[in-house]
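Below, each chain spelled out in residue letters.
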Amino acid sequence: MIASVRGEVLDIALDHAVIEASGVGYRVNATPVTLGALHRGSEARLFTTMIVREDSMTLYGFSDTESKDLFSLLQTVSGVGPRLAMATLAVLEPDALRRALSEGNLTALTRVPGIGKRGAERMVVELRDKVDAVATTAGAATGVVAGSSIRDQIVEALEGLGFPIKQAEQATDSVLAESPEATTSVALRSALSLLGKTR
């Protein structure tokens, strides 16, 4: 399994980056916060988890081992796969996620698209006692993701998380109309929150 990737950042989109290591470009899916710390042309290292399915092999990247461990821990909950785990980490940063789980904060957990009240309750019951075992690390730096327009990046990221394109476009347009100065990361979180309410 590929546990980390280090090399030049060739491309950055809203939901993934391409990192070249030893002549091979790896597409690594990541949250906006992780991607915000990357810069095209510079060297970066991401800790990775590789998910192998019948029809795909997908790399998920994290700036620290805490996020990587939480990603794996989330998937131990029945009904939570890689996409939902990534959506959870996109909406709730590690500290906020730990707090929500340990305090049983269902409101915070249901802000994640695809997690309803029952799913949030299941997460709390199954992870409340396990979340403290995950070692904490300093948080990653945040930043604005370069590349195509913010709108295109957000729509692409929402599609990558499993939303239909029409829904993704409507939520994105609504968020950007309300907060035109929002950074990509903030706008994506708002769109995810909006979509979470409509599900």
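Residues numbered from 1 in each chain as written. Predicted model: local features only at pLDDT ≥ 70, side-chain atom pairs only at ≥ 80, totals over all residues. Heavy atoms only, no water.

Colleague: Talk me through the environment of Ile2; I want residue IDs and the actual numbers.
Modeller: Topologically, Ile2 is positioned in the segment before strand S1 (4-12). Sequence separation between Ile2 and Asp129 is 127 residues; the distance between their C-alpha atoms is 29 Å. Among all residues touching Ile2, those that are not within four sequence positions of it are Tyr26, Thr48, Thr49, Met50 and Leu59. (Helix = DSSP H or I, 4+ residues; strand = E, 2+ residues; numbered from the N terminus. Contact = heavy atoms within 4.5 Å.)

Colleague: Lay out the side chain of Thr88 in plain terms, naming residues and giving numbers.
Modeller: Position of Thr88 relative to the elements: it lies in helix H3 (residues 82-91). Residue class for Thr88 comes out buried when judged on its relative accessible area of 0%. Filtering out sequence-adjacent residues up to four positions away, Thr88 remains in contact with Leu74, Leu97, Val112, Ile115 and Met123. (Buried < 20%, exposed > 50% of the residue type's maximum accessible area, 1.4 Å probe, protein only.)

Colleague: With reference to specific residues and values, describe the confidence of the model for the protein chain.
Modeller: Summary statistics for the protein chain give a mean pLDDT of 84 and a share of 91% for residues scoring 70 or more. Helix H7 (residues 150-160) is the least confidently modelled element of the protein chain, averaging 77 in pLDDT, while strand S3 (residues 24-29) averages 95, the highest of any element. This stretch, residues 138-148, has a pLDDT under 50; its non-local contacts, to residues over four places away or in other chains, come to 25 contacts. (pLDDT = per-residue confidence, 0-100.)

Colleague: I'd like a rundown of a nonpolar patch on the surface, residues and numbers included.
Modeller: Residues Met1, Val52 and Met57 make up a contiguous nonpolar surface patch of about 400 Å² in total accessible area. As for its placement among the helices and strands, Val52 is situated in strand S4 (residues 43-53). Val52 sits in the partly exposed class, given a relative accessible area of 46%. (Patch = residues over 30% accessible without salt bridge, like charges linked within 9 Å, V, L, I, M, F, W, Y side chains within 5 Å. Areas by Shrake-Rupley, 256 points an atom, 1.4 Å probe, with all protein chains shown as cover. Salt bridge = Lys/Arg side-chain N within 4 Å of Asp/Glu carboxyl O.)

Colleague: Let's hear about the packing of helix H2 (residues 65-74) against helix H4 (residues 94-103): which residues, and what values?
Modeller: Contact geometry of H2 with H4 gives a least axis separation of 10 Å together with a crossing angle of 40 degrees. Of the possible angle classes, the one that applies to H2 and H4 is oblique. The crossing of H2 and H4 is left-handed. In contact with Glu66, Ser67, Leu70 and Leu74 of H2, H4 contributes Pro94, Asp95, Leu97 and Arg98. (Axes fitted to C-alpha atoms, helices over the stretch in contact; angles between N-to-C directions. Parallel < 35°, antiparallel > 145°, perpendicular 65-115°, else oblique. Left-handed = near helix turned anticlockwise from the far one by under 90°.)

Colleague: Let's hear about the sheet that holds strand S2 (residues 16-21): which residues, and what values?
Modeller: Sheet architecture is closed into a barrel: five strands sit in the order S1-S2-S3-S5-S4, paired in mixed fashion. Within the sheet, the average angular offset between the axes of one strand and its neighbour, ignoring direction, is 55 degrees. Examined bridge by bridge, S1 and S2 share four bridges and lie antiparallel to one another. Among the inter-strand pairings, Asp11 is bridged to a residue of S2, identified as Val18. Along the sheet face, H2 touches S4 and strand S5 (56-62) and points at about 10 degrees away from the line of S4. (Pairing = 2+ DSSP bridges.)

Colleague: Kindly report on H4, identifying the contributing residues and their values.
Modeller: All of the buried residues along H4 are Pro94, Leu97, Arg98, Ala100 and Leu101. Projection of H4 onto a plane perpendicular to its axis shows the buried side chains occupying an angular sector of 165 degrees, all on one side. Tucked into the core, H4 has its buried residues touching H2, H3, helix H5 (106-109) and helix H6 (117-127). Gly104 sits one or two residues past H4 and shows a positive phi near 65 degrees. (Arc of directions from axis to C-beta.)

Colleague: So what's going on with the pattern of salt bridges? Which residues, and what values?
Modeller: Within the structure shown, the criterion is met by six salt bridges. As a salt-bridge pair, Asp15 and Arg27 come within 3.8 Å of each other at their nearest N and O atoms. You can see Asp15 sitting in the loop between S1 and S2 and its partner Arg27 sitting in strand S3, a full twelve residues away along the chain. Residue classification places Asp15 among the buried positions, given a relative accessible area of 13%. By relative accessible area, which is 45% here, Arg27 ends up partly exposed. The partner of Glu66 in a salt bridge is Arg98, and the shortest N-O contact between them spans 2.8 Å. Remark: Arg98 occurs in helix H4 and Glu66 occurs in helix H2; sequence separation between them is 32 residues. A relative accessible area of 10% means that Arg98 is categorised as buried.

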